[in-house]
Amino acid sequence: NSSINPIAQQSMNQLASERFLNDSIAGLNQTPKQLPCKYFYDQRGSQLFDQICETEDYYLTRTETAIMQRHADEMGNCLGKGVMLVEFGSGSSIKTRYLLDHLIQPVAYVPVDISREHLYESAGQISGDYPQIEVLPVCADFTKPFSLPNPKRRPSHDAVYFPGSTIGNFQPNQAKQLLESIAHMCGEQGGLLIGVDLRKDRETLERAYNDTQGVTAQFNLNLLHRMRNELGATIDVDAFEHHAFYNEEAGRIEIYLRSRIDQTIQLDGQTVEVEAGELIHTEYSHKYTVDGFAQLAAEAGWTLRRWWTDENDYFAVLHLVV
Ligand code: AVI
């Protein structure tokens, strides 16, 4: 953001690095070892994620995009007139355009993302393409409290758009907390439009997280590259491999990094031993039924109003109200 002075920017970057370091050390000292998936998304990670979305195997993005394309007019009506639309994990804001095209007299669009360069670049493009909407990007980790900007015109209400089934990357109790904080943020009149990946056959799910081009593997391994480049960690990244499978009982894809060899990771003066074959957990991707998700959302204060799906029932977009 050009409006932030370089010194403030530098200290924000430093703070982000410290969080990454502390979370990495804490995670590697747990049994089993783990690293938070939110650190996938530096600039390279965000680019790799965009590439995943374009693979044949990762059905989620094109399925959700088709749902948006087909039903954005109804969604726009559901969200109502004069809204300030806040998008969680906006990334490249591709699907959002269908929605922006159909909102009724929207006041502002607030993309929220952890990946700064990516956020400002996409926000700039949206702003150029939708001059009638005030675009107010917020670089934040949306799992932590953050304040919403004040648009020039007063919105009649706020609505959150949370696409991509990113909610699936949270454990159900964390997802519930996040849904609660979204309800709190939107207030009484608030709405939520959320994309949720649905349960389906193992083969389709596992293919989506083990794409034949190996982009998901690179995306997962990028976390270790970040630790090496940004935190100065000593890691033999090439000796790690991507490992992902569907845990049907838990209804989730589980993603790990597996070391092929015994190795010692040095990080900020700490030593972490990793055994050959040992797994470091990096991500869960929970899959829901529409009823199961509505139930979880109800516990967080939301009522399901409408939902849309594709012809295979692979993915759903749900509209919920407080
Ligand atoms: C962002 N999120 C919804 C993706 C998913 O499908 O859980 C992240 C991802 N991880 C591996 N591939 C994609």
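Residues numbered from 1 in each chain as written. Predicted model: local features only at pLDDT ≥ 70, side-chain atom pairs only at ≥ 80, totals over all residues. Heavy atoms only, no water.

Chemist: Residues and numbers for the layout of surface pockets, please.
Modeler: For the second largest pocket, the calculated volume is near 750 Å³. Considering every element that reaches the lining of the second largest pocket, the biggest residue donor is helix α1 (residues 6-28), with eight residues. (1 Å grid on protein atoms, 1.4 Å probe; cavity = no way out; pocket = protein on both sides within 12 Å on 5 of 7 lines; lining within 4 Å. Points joined across faces, edges and corners; volume = space filled by probe spheres on them. Helix = DSSP H or I, 4+ residues; strand = E, 2+ residues; numbered from the N terminus.)

Chemist: Which residues make up unusual backbone geometry, and what values do they have?
Modeler: Here the residue pair threonine 31 and proline 32 is connected by a cis peptide bond, since its omega of -10° sits within 30 degrees of zero. A positive phi angle, close to 45°, is found at glutamine 105, a residue other than glycine.

Chemist: Tell me about α1, and please be specific about residues and values.
Modeler: End to end, α1 covers 33 Å across 23 residues, agreeing with the expected 33 Å (1.5 Å per residue, within 8%). Inspection of α1 places Gln9, Phe20, Leu21, Ser24, Ile25, Gly27 and Leu28 among the buried residues, and these make up the whole buried set. Elements in contact with the buried residues of α1: α5 (116-129), α8 (215-231), β9 (263-267), β10 (270-274) and β11 (279-286). (Expected span 1.5 Å × (residues − 1). Buried < 20%, exposed > 50% of the residue type's maximum accessible area, 1.4 Å probe, protein only. Contact = heavy atoms within 4.5 Å.)

Chemist: I'd love a proper account of the environment of glycine 292, names of residues and values included.
Modeler: By the element assignment, glycine 292 lies in helix α9 (residues 290-299). Here glycine 292 falls in the partly exposed class, since its relative accessible area comes to 27%. Taking the C-alpha atoms as reference, glycine 292 lies 32 Å from alanine 108; in sequence the two are 184 residues apart.

Chemist: Which residues make up the packing of aromatic side chains, and what values go with them?
Modeler: Overall, the coordinates contain 16 aromatic pairs when judged by the stated rule. Geometrically, the ring pair formed by tyrosine 41 and phenylalanine 49 is edge-to-face, given 5.9 Å between the ring centres and 80° between the ring planes. Classification of tyrosine 41 as partly exposed rests on a relative accessible area of 22%. You can call phenylalanine 49 partly exposed: its relative accessible area is 25%. Ring pairing ties together the aromatic residues Phe40, Tyr41, Phe49, Tyr58, Tyr209 and Phe219, which thus form one cluster. (Phe/Tyr/Trp six-rings, centres within 6.5 Å; stacked < 30°, edge-to-face > 60°.)

Chemist: Give me the pairing of β10: which residues, what numbers.
Modeler: Sheet analysis places β9 next to β10, joined by five bridges and oriented antiparallel. By the bridge assignment, isoleucine 265 is partnered in β10 with valine 272. The antiparallel hairpin formed by β9 and β10 contains two residues in its connecting segment, where aspartate 268 sits at a positive phi of about 50°. (Pairing = 2+ DSSP bridges.)

Chemist: Can you tell me about the nonpolar core, naming the residues and giving the values?
Modeler: Note on soluble globular proteins: their nonpolar side chains tend to be buried together. In this structure, Leu85, Leu99, Leu193, Leu224, Met227 and Phe240 are the most contacted members of the largest nonpolar core, which totals 59 residues. Broken down by element, this core gets its largest block of residues, seven residues, from α8. When neighbours within four sequence positions are excluded, methionine 227 is seen to be in contact with Phe20, Ser24, Leu28, Leu35, Gly232, Ala233, Ile235 and Leu267. (Core = buried A, V, L, I, M, F, W, Y, C linked by side-chain atoms within 4.5 Å.)

Chemist: Describe the environment of leucine 205, naming the residues involved and giving the relevant values.
Modeler: Looking at where leucine 205 falls in the secondary structure, it is placed in helix α7 (residues 202-208). With a relative accessible area of 0%, leucine 205 lands in the buried category. Along the backbone, leucine 205 and glycine 89 are 116 residues apart, and their C-alpha atoms lie at a distance of 22 Å. Not counting residues within four places of it along the chain, the set of residues in contact with leucine 205 comprises Tyr59, Asp197, Lys200, Tyr246, Ile253 and Lys287.

Chemist: Tell me about helix α2 (residues 43-54), and name the residues and values.
Modeler: Its twelve residues place the ends of α2 17 Å apart at the C-alpha level, agreeing with the 16 Å of an ideal helix rising 1.5 Å per residue. When we look at burial in α2, the residues that qualify are Gly45, Ser46, Leu48, Ile52 and Cys53. Buried residues in α2, looked at end-on, bunch into an arc of 160°, giving them a common side. Packing partners of the buried residues in α2 comprise α3 (59-79), α5 and α8. (Arc of directions from axis to C-beta.)

Chemist: Describe the site of the ligand, listing the residues and the values that go with them.
Modeler: Taken together, 14 residues form the shell around the ligand, and within it Tyr58, Asn169, Tyr209, Glu283 and Ser285 come nearest. Between a nitrogen atom of the ligand and a side-chain N or O atom of asparagine 169, the distance comes to 2.8 Å. Considering the ligand on its own, with 340 Å² of exposed area, one finds that the protein chains cover 98% of that surface. Mapped by element, the contributors of at least two residues to the shell around the ligand are α2, α8 and β11. (Near = heavy atom within 4 Å. Polar contact = N/O pair within 3.5 Å; in protein donor to acceptor, adjacent residues only side chain to side chain. Areas by Shrake-Rupley, 256 points an atom, 1.4 Å probe, with all protein chains shown as cover.)

Chemist: A description of the sheet that holds strand β8 (residues 252-259) should follow, citing residues and the corresponding values.
Modeler: Ordered by their spatial adjacency, three strands build an open sheet running β7-β8-β11, and the pairing between neighbours is antiparallel. Single-partner strands in this sheet number two, and they are β7 (240-247) and β11. Adjacent strand axes in the sheet meet at a mean angle of 20°, parallel and antiparallel pairs treated alike. Where β7 meets β8, eight bridges bridge the pair, whose relative direction is antiparallel. Along β8, the bridge assignment pairs glutamate 241 with arginine 258. Packed on one face of the sheet, α8 meets β7, β8 and β11 and runs near 120° to β7. (Axes fitted to C-alpha atoms, helices over the stretch in contact; angles between N-to-C directions.)

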